[in-house]
Amino acid sequence: MSAFDCVIVGGGIVGAALADVLSADGMSVALVEARSIGAGTTACGMGHLVAMDDNAAELALTSWSVSLWRELADGLPRAVEYDACGTLWLAADDEEMAAVSAKVANYRAAGVRAEVLDSAALQEAEPALAPGLVGALRVVDDAVLYPPLAARTFALRAQARGARLMTGCPVRELRSGSVVLSNGEVLTARYIVLAAGVASPALCPGLPISPRKGHLLITRRGAPVVHHQLVELGYLKSAHGTDGASVAFNAQPRVTGQLLLGSSRQPGDATREVDAALLERMLKRAAMFLPGLDGLQALRVWTGLRPATPDGLPLLGPHPEKPWLWLACGHEGLGITTATGSARLVADQLLGRTSAIDARPYSPARFLTASSREVAHA
Amino acid sequence: MREACDLVVVGAGPGGLAAACRAAEAGLDVLVLDAQPEPGGQVWRSEARKGANRLARRWLTRFAASGARFRPGARVVAAPEPGVLLVEEGSSSFAVRYGRAVLATGARERFLPFPGWTLPGVLGVSGLQVLVKDGLPIRGKRVVLAGTGPLLLAAAATIHAHGGEVLYIAEQASAASHWGFALQLWRHPAKLLQGALMSAALISVPTSTDAWVIAAEGEGRVESVRLSVRGREEQLRCDYLGAAYGLVPNLEVARLLGCETSAGAVVVNERLETRVPKVHAVGELLGIGGVDQALVTGELAGLVAAEQPIPVELERTWHRVRAFAAQLARHDAPRAELRRLATPDTLLCRCEDVPMSALEGCQNLREARLYARLGMGACQGRTCGTAAQTLFGWSGEDVRPPCLPARIGSLRLPSDVSSTHARES
Ligand SMILES: Cc1cc2nc3c(=O)[nH]c(=O)nc-3n(C[C@H](O)[C@H](O)[C@H](O)COP(=O)(O)OP(=O)(O)OC[C@H]3O[C@@H](n4cnc5c(N)ncnc54)[C@H](O)[C@@H]3O)c2cc1C
Ligand SMILES: Cc1cc2nc3c(=O)[nH]c(=O)nc-3n(C[C@H](O)[C@H](O)[C@H](O)COP(=O)(O)OP(=O)(O)OC[C@H]3O[C@@H](n4cnc5c(N)ncnc54)[C@H](O)[C@@H]3O)c2cc1C
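Residues numbered from 1 in each chain as written. Chains lettered and ligands numbered in written order. Predicted model: local features only at pLDDT ≥ 70, side-chain atom pairs only at ≥ 80, totals over all residues. Heavy atoms only, no water.

Let us look at the site of ligand 1. All names here are of chain A. Taken together, 38 residues surround ligand 1, and among them Glu-33, Thr-42, Val-171, Glu-332 and Thr-337 come closest. If ligand 1 stood free it would expose 1000 Å²; the protein chains cover 94% of that surface. Looking at the shell around ligand 1, the elements that each hand over two or more residues are helix H1 (13-24), helix H2 (41-44), strand S12 (210-219), strand S16 (297-308) and helix H10 (335-350). A per-class count over the shell around ligand 1 returns 18 nonpolar, 16 polar and 4 charged. (Near = heavy atom within 4 Å. Areas by Shrake-Rupley, 256 points an atom, 1.4 Å probe, with all protein chains shown as cover. Helix = DSSP H or I, 4+ residues; strand = E, 2+ residues; numbered from the N terminus. Nonpolar A, V, L, I, M, F, W, Y, C, P; charged D, E, K, R; others polar.)

Written as structure tokens, this is what we have:
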């Protein structure tokens, strides 16, 4: 039996980022991963570090997280491919362009640098885009990176400070003060943090996390096709519906010269197979924005499962009915971005520190207390 | 654009041709697809023009008369739903709706890394043979061949016949295994291989078992090779080195369709049916067995697809060639020393420039892929994935579409295919 200050269950980007922060704070940490570090949803994600302003809580966490990533950037190995390319939110019509001004105000109020591009400026910035787009919102400090290596970098840093990395070790059971591995080994700890992404409910029944499947496609290396991460503003309309599958145009330049293309959303779908009809919808949509798309060489298509919560915000903090269990899961489509902020928020709570942002909007208590469940059912 | 057929055959090597002939002769509407510009596959490449090989001529003539349709230069890139394949053909693409499928995608060479293996002038064994058949000027050039099995000798015979000077043939198998196997060959109907053995003997090239390449050296291209020959080291100056260790089946299309594989081959029953309904696999996909296995399994699958009775003689032949394939697999299995030739800076993945040292700490193929970009490049891991399996015992990963790099346009669904499934947004 081994004893630690903290056992983190799940070595995705969230668990790995937390191991990095806690080990830097001097805690003895075990990071226990069923397969390989960063090989779950983290390996399937797009790696867009993006400030999102759907609501105040989301903007607070994402913008803070993006700035934490920027502070880390110089210390990341080159292979993590951090690239501060910025985001262009594309407006296809006047209605979307009208939304741009509101968003600019939102972002600036949160200290996020944002500017408006008119149609001509957009065309100049991204000549590969279809003519006729009305304009764009440019969020300057957004970035992209390669998520699995970012997770591995965090894990190796923690290991260098003495944390124990346990890969190929599925956890079978969580108990007050200990976790039981599938091989029967027991690890004891003062704090137990569940960071198992979509698999979290399997270890803690009742968590409001469900899979939301997404598709991505990557091209062969070549000349860069686009220069910013491109996202359609229509994404706001299509991506956040709660029922049915949706697609949105989402294109990312990789430093390798590859183009990474997304994305789709299928709520409740936990399968891994490529859904050809949905892929077709995604490609059709993307080709409307990038007329040359069909001529690019595709190398691979894959899928991943986002760990979605009902309100799109993660669960960060103690489980209200199991105070010995801490949650760091449910990051939906933003977990690469918010891994840095999430790790800080959870660490600050464990250590009784105040955080840079208010942690309450992400408290698991919003779903997991008797009264919150009644509200949800009503 | 769209095509429909009773039977689609993927691959026009001996396996695919035999299946297509049998099924088309029995009245099925058969469509044969092959990425190459001519029928014949690896072994009968360009025989359609040359007609030097009698067996090839017979099958190619029969194929031409069978009524089967052939689309050359047609690469199967995706399988969006059961009964549909997406095919890229030059700068266009089309979908094929099929009732049944015979997969006959053949094999590729197994490359194992050694220092200098990526130098220009270093090729595969059969790869070099193919280039020579296709016109690579080899007259007067000094060639060293290193590998295993009958294909090594077949390559030597071709290079010799085209005026190349084969300096040395290094066979990795041990003497006992090799000569035991060679004696067995006479019991099998592998005429071509016997011929190759004989011609190698006739051209009297120095040949050794227990021999392999340690390194290829040269400025900008290969100038010399160092060999390990029965425990001694030998250096030879040369213009070309052909080095590869046997063949491995091209499983990508089969795995994309969801066919079960085991020990590197597609699992089939006595009727050559895979675990996916209405999909058959033949030829090298069943485990490396050469032309005879390809022909007999192709014929069987074609007959089954067309619901024809199976002649007893055909089944007997199959059992014989299966025994041969099993012996070949034992003979060609790379020896342990071959796994230790690469140094830390030897590239394992040449598409993404991944040296052996980059794999430090990686426990499996997925980690090597995620952390070191092994197999993330244009060959989709065909070369380095196979090498990593041999070197480290790592098992392969799932195949994701496209199974060959393809234009995004070739992955688009024609409207009548997508309409059955698509929901409108
Ligand atoms: C298509 C797609 C695109 C995306 N794009 C972006 C993007 O551009 N930007 C962004 O910020 N986010 C993006 N995301 C979201 C992001 O990938 C996820 O939010 C994030 O990876 C979640 O990380 P995680 O650590 O919580 O989960 P995971 O990476 O899934 O990690 C959980 C880990 O727990 C392990 N585990 C599970 N069960 C056990 C057990 N019993 N014992 C031990 N270990 C266990 C798993 O093996 C896994 O490694 C995208 C997601 C998808 C699917
Ligand atoms: C480079 C090489 C050279 C060889 N030379 C000889 C030789 O000289 N003598 C000998 O006896 N044996 C040779 N072999 C062994 C050969 O594998 C067998 O003898 C025999 O050709 C196997 O027949 P097959 O029908 O199974 O496959 P093959 O003859 O390999 O035919 C497979 C065909 O499938 C096609 N194909 C594969 N994937 C796709 C796709 N996705 N879409 C469309 N088409 C596809 C390929 O283009 C190929 O034409 C060689 C093998 C290799 C790899």
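Now that the structure has been shown, we can carry on.
Here we take up unusual backbone geometry. Note: most peptide bonds trans; most residues except glycine with negative phi. In this model, Gly-262 of chain A is joined to Ser-263 of chain A through a cis peptide bond whose omega is -15°. Topologically, Ser-263 of chain A is positioned in strand S15 (residues 259-267). Cis peptide bonds are those with omega within 30 degrees of zero, and the linkage from Pro-401 of chain B to Pro-402 of chain B qualifies with -5°. Positive phi, normally seen in glycine, also occurs at Glu-81 of chain A, with a value near 60°.

The full count for this structure, using the stated rule, is 6 aromatic pairs over all chains. Between the aromatic rings of Trp-69 of chain A and Phe-154 of chain A, the centroid separation amounts to 5.5 Å while the plane-to-plane angle is 40°, which identifies the pairing as tilted. Remark: Phe-154 of chain A occurs in helix H6 (residues 147-160) and Trp-69 of chain A occurs in helix H3 (residues 56-73); sequence separation between them is 85 residues. Considered together, Trp-69 of chain A and Phe-154 of chain A belong to a single accessibility category, that of buried residues. Here Phe-392 of chain B and Trp-394 of chain B contribute two aromatic rings whose centre-to-centre distance is 4.6 Å and whose plane-to-plane angle is 35°, an arrangement assigned as tilted. The exposure class of Trp-394 of chain B is buried, given its relative accessible area of 10%. Taking the ring centre of Tyr-240 of chain B as reference, the NZ or CZ of Arg-221 of chain B above it sits at 5.2 Å. Arg-322 of chain B extends its terminal NZ or CZ atom over the ring of Trp-318 of chain B, reaching a point 4.1 Å from the ring centre. (Phe/Tyr/Trp six-rings, centres within 6.5 Å; stacked < 30°, edge-to-face > 60°. Buried < 20%, exposed > 50% of the residue type's maximum accessible area, 1.4 Å probe, protein only. Lys NZ or Arg CZ within 6 Å of the ring centre and 35° of its normal.)

Residue and element names in this part refer to chain A. Burial analysis of strand S4 (residues 87-91) places 5 of its 5 residues in the buried class, the great majority of the element. Every second residue of S4 is oriented toward a common face, with Thr-87, Trp-89 and Ala-91 on one face and Leu-88 and Leu-90 on the other, all of them buried. Here S4 runs beside strand S6 (residues 135-139); their pairing, made up of 5 bridges, is antiparallel. Note on S6: the bridge partner recorded for Ala-91 is Gly-135. Examined bridge by bridge, S4 and strand S13 (residues 229-232) share 4 bridges and lie parallel to one another. Bridging across to S13, Leu-90 finds its partner in Glu-232. (Pairing = 2+ DSSP bridges.)

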